[in-house]
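# Structural overview for review
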Amino acid sequence: MKEYILKKERIFHFLSLALIAGSMFIPEPIQKLIVLVTGILGLLVLSSLKKQKTLVIIYLVLFFAAGIFYYFMMNGKMNF
């Protein structure tokens, strides 16, 4: 499975980026977060399979930042 994913890396990378970009156009906050986190997790998996430690750290920070941002948005501390 790992070899297949690495062989088709560009396709998975594109799909993950498409999910992240597509999450901008979803009005429902919960669906937006799910699509965004799925895209970030896709990039995280790809970078961890390629053993790129710097990108893994960056994607983990983005993953947790998305959760924190969602938490603040749902508690009314940020209005968009």
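Each remark here, short or long, concerns the structure printed above.
Here we summarise the structure given alongside this text. Each chain has its residues counted from 1, running along the sequence as written. Restriction of local features to residues with pLDDT of at least 70 applies here, the model being predicted, together with a cutoff of 80 or more for giving and counting side-chain atom pairs; totals for whole chains, interfaces and linings are based on all residues. Side-chain measures were taken over the full set of non-hydrogen atoms in the model, leaving aside hydrogen atoms and water.

## With respect to the packing of aromatic side chains
- Under the pairing criterion, centres of Phe, Tyr and Trp rings, with the six-membered ring standing for Trp, must be within 6.5 Å; the plane angle then separates stacked pairs below 30 degrees from edge-to-face pairs above 60, leaving the rest tilted. Under the defined criterion, the tally for this structure stands at 2 aromatic pairs.
- Pairing Phe 63 with Phe 64 gives two aromatic rings, centres 5.5 Å apart and planes at 75°, and the pair type is edge-to-face.
- Relative accessibility decides the category of a residue: with a 1.4 Å probe and only protein chains considered, values under 20% of the type maximum give buried, values over 50% give exposed, and everything between is partly exposed. The exposure class of Phe 63 is partly exposed, given its relative accessible area of 24%.
- A relative accessible area of 52% means that Phe 64 is categorised as exposed.
- Judged by centre distance (5.8 Å) and plane angle (55°), the ring pair of Tyr 71 and Phe 72 falls under tilted.
- For Phe 72, a relative accessible area of 32% gives the class partly exposed.

## Topic: helix H3 (residues 29-49)
- The terminal C-alpha atoms of H3, which comprises 21 residues, lie 30 Å apart, in line with the 30 Å expected from a rise of 1.5 Å per residue.
- The set of residues buried in H3 consists of Leu 33, Val 35, Val 37, Gly 39, Ile 40, Gly 42, Leu 43, Leu 44, Leu 46 and Ser 47.
- Elements that come into contact with the buried residues of H3 comprise helix H1 (2-7), helix H2 (9-22) and helix H4 (53-74). Helix and strand definitions follow DSSP, with helices as H or I runs of at least four residues and strands as E runs of at least two, each counted in order from the N terminus. By definition here, a helix of n residues has an expected span of 1.5 Å times n minus one. We call two residues contacting when some pair of their heavy atoms lies within 4.5 Å.

## Focus on the environment of Lys 50
- Relative to the assigned elements, Lys 50 resides in the loop between H3 and H4.
- Lys 50 gets classed as partly exposed once you look at its relative accessible area, which sits at 34%.
- Taking the C-alpha atoms as reference, Lys 50 lies 23 Å from Val 35; in sequence the two are 15 residues apart.
- Apart from residues lying up to four places away in sequence, Lys 50 is in contact with Leu 6 and Glu 9.

## Describing H4
- Taking 1.5 Å as the rise per residue, H4 with 22 residues should run 32 Å; its terminal C-alpha atoms sit 32 Å apart, in good agreement.
- Of the surrounding secondary structure, the elements contacted by the buried residues of H4 are H3.
- Gly 76, located one to two residues past H4, shows a positive phi value of around 80°.

So far we have only geometry, and geometry alone does not tell us how the molecule works.
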